[in-house]
Structures are given as structure tokens and as C-alpha cells.
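So the chains spell out like this:
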Amino acid sequence: MTSGLYRALPVPDGLEGQRVDQALSRLFGLSRTAAAEVADAGNVQVDGRVRGKGERVTGGSWLEVELPPPPGEPAPPAPVEGMTVLYDDEDVVVVDKPVGVAAHPSPGWEGPTVVGGLAAAGYRISTSGAAERQGVVHRLDAATTGVMVVAKSERAYTALKAAFKERTVEKGYHALVQGHPDPSRGTIDAPIDRHPRHDWKFAVVSGGRPSVTHYEVIEAFPAASLVDIKLETGRTHQIRVHFSALRHPCVGDTTYGADPTLAERLGVARQWLHAVRLGFPHPADGRWVEFTSDYPADLAGALAILRAES
């Protein structure tokens, strides 16, 4: 167990047969997502053995769990290696986020964060939002790289939240997906919600939240395609879920059905997804500003291999 809020108790008989994340949610009042993250971090033991979120518990077995710090006690700020600042003024700071960095702290995540990295570098960010995600108006997955904006002023936080809600922000991504999408240019309009069987995943689900992804293939290779993507909405895992539903998952995204052998051959240890551009009305005066990000070394290297083989 790591340092944190330690709890140990027998599993109540009423939780017999439930999943670990379900049991944690009922016992400690965590959301299912937060409970799954605690288990994913290896912070749950039953009868002395680390258990995953999908394993079942038995009444009377001995449960030990390391819970996340309570709200108001975030981890101390820490510098983030490889994170660069693309732009900074009194309202916003725009960063180029490296792989392995979350947008903000969350239960079960002990790695670096954009919020923590900015604080460690002396940047003052907006106090709006939940304590652990102040100034954060949109997020990138920890394994997704690229451009991201954080609000520094209350004016910016309010204006940017409204811009994202009203879809006046342009979010552009490049993804390497398996196979060749047909047609090569199109729109995926399919609702997304929690996966009906796997709570930590998302899926195209009837009755889910409206989700729209525009795409265009910009380069094709024998086994994969480089795709330019523009998001109209911004659901969690939207690009990954939509292309998985098309049977063209992002290379390296084994969570959503990618063939791991292709990623291994290309030297990519995560989903091949990069936030290449971000444009929005500046909170101070409404003028349009746009920022771009170059591919990190692992993604550029994968493309070089594919081009050499073509």
C-alpha cells in the first residue's frame, strides 16, 4: 500500500459477489469511476492480494484500501518534464502536454498533472472549478499529447467554459488508425455513454450524449491511415470510441480493440492520438487565437517507419 487514507474492514455479507469497484463505491461513497481508479492504481487488497476493479468480493473477506486524499488536500505541485508553454498572458496559458501527464489530479492518479506543473512553475491559475481542477476548461487523456489551454483569470474561465459549451472552440487532432476508413472523408454522428458492461470504458450507446466527429484521411499506408479530426463535441474518449465503432481503432489503443502487434512494430506504447491545434476566441477581446503542436518523438518515429515501408 502507498501513503494515503488507509481503511481495513471485513466485506459485509450484503456485498457478496459484487465487483470491487461496486463494493468500494457503496462502502466509501465514491463514484464508480473514482472507485475503479483506486483499484487500477493497485490500492485494493482482499485477503492480502491486490485485486482489480472487475474482480468479485466475498462476504467476510478482509478488505484493505488506500483511498484518495479528501478534497482540499491536493498533492503538492511538481514540475512536469517535457511540458512547454506555447503562450502566456494575464488570462490564459497554453501548453504543449507530453505523454503520461493528466490534466488535473484525480483519485488513483499519482503521476504528473498540467495543473501541478503550472503551479510548480509559478503560474497563477483561475480559482474557479473544483479544487483539484482549478482553471481547467477541457482535458486531454494522460496518453494523449498536444495543445491545451488553462484559464488564469476568472474572466477567462467563464468565457472559455461558455465557448466550449457553445462549440465556438475548434479542436483539431491527428490520429493514426488501423486500416482505411471508408469514405476517406466524413462525419461520425453517434451518441456516447458509459459502456454497458465495462464501467471504465465508453461506447456508442443508444440514448447516449450527442457526439459528432468530422474526419479526413490525409495519408494512407498499407496497414493504417493518418487522419485529421475536428471535434464538434468533446465527450470523454470521443475519438477513440468513434473510430473503434467504425472498426478502425487508434493504433496502440488496446482498450478499444486495437491490434497490439502494429503498435509494437512501430514503437508506440500508447494510443496514437495528438491534439495538433486549438483555436478559440480570446477571453479579453474576442479575437480569434490559434495554437499548434508538433508531433512528439514517438509519433513522428512511427510515421517515419510507415513512410519508409510504403
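- As recorded in an unreviewed UniProt entry, the chain goes by Pseudouridine synthase and comes from Petropleomorpha daqingensis.
- UniProt lists a comment for the chain under the heading Catalytic activity (unreviewed entry), and it reads "a uridine in RNA = a pseudouridine in RNA".

**A word on helix α1 (residues 20-28)**
- Considered for burial, the residues of α1 that qualify are Val20, Asp21, Ala23, Leu24 and Ser25.
- Positive backbone phi, approximately 75 degrees, marks Gly29, located one or two places after α1.

**Some words on unusual backbone geometry**
- Pro183 follows Asp182 through a cis peptide bond whose omega is 10 degrees.
- Secondary-structure assignment places Pro183 in the loop between β8 (170-178) and β9 (185-189).
- Although it is not a glycine, Asp47 adopts a positive phi angle of roughly 55 degrees.
- Tracing the chain through its elements places Asp47 in the loop between β2 (44-46) and β3 (49-50).
- Even without being a glycine, Arg167 presents a positive backbone phi close to 60 degrees.
- Mapping Arg167 onto the fold places it in the loop between α4 (154-166) and β8.

**Concerning the UniProt feature "active site" (unreviewed entry) in the chain**
- According to UniProt, the feature "active site" (unreviewed entry) maps to Asp141 in the numbering used here.
- Given a relative accessible area of 23%, Asp141 falls into the partly exposed group.
- The contacts of Asp141, once residues within four sequence positions are left out, are Lys97, Val101, His237, Arg240 and Gln271.

Thresholds, definitions, all that
- Residues numbered from 1 in each chain as written.
- Predicted model: local features only at pLDDT ≥ 70, side-chain atom pairs only at ≥ 80, totals over all residues.
- Heavy atoms only, no water.
- UniProt positions renumbered as here; feature names shortened; annotations may be inferred.
- Buried < 20%, exposed > 50% of the residue type's maximum accessible area, 1.4 Å probe, protein only.
- Helix = DSSP H or I, 4+ residues; strand = E, 2+ residues; numbered from the N terminus.
- Contact = heavy atoms within 4.5 Å.

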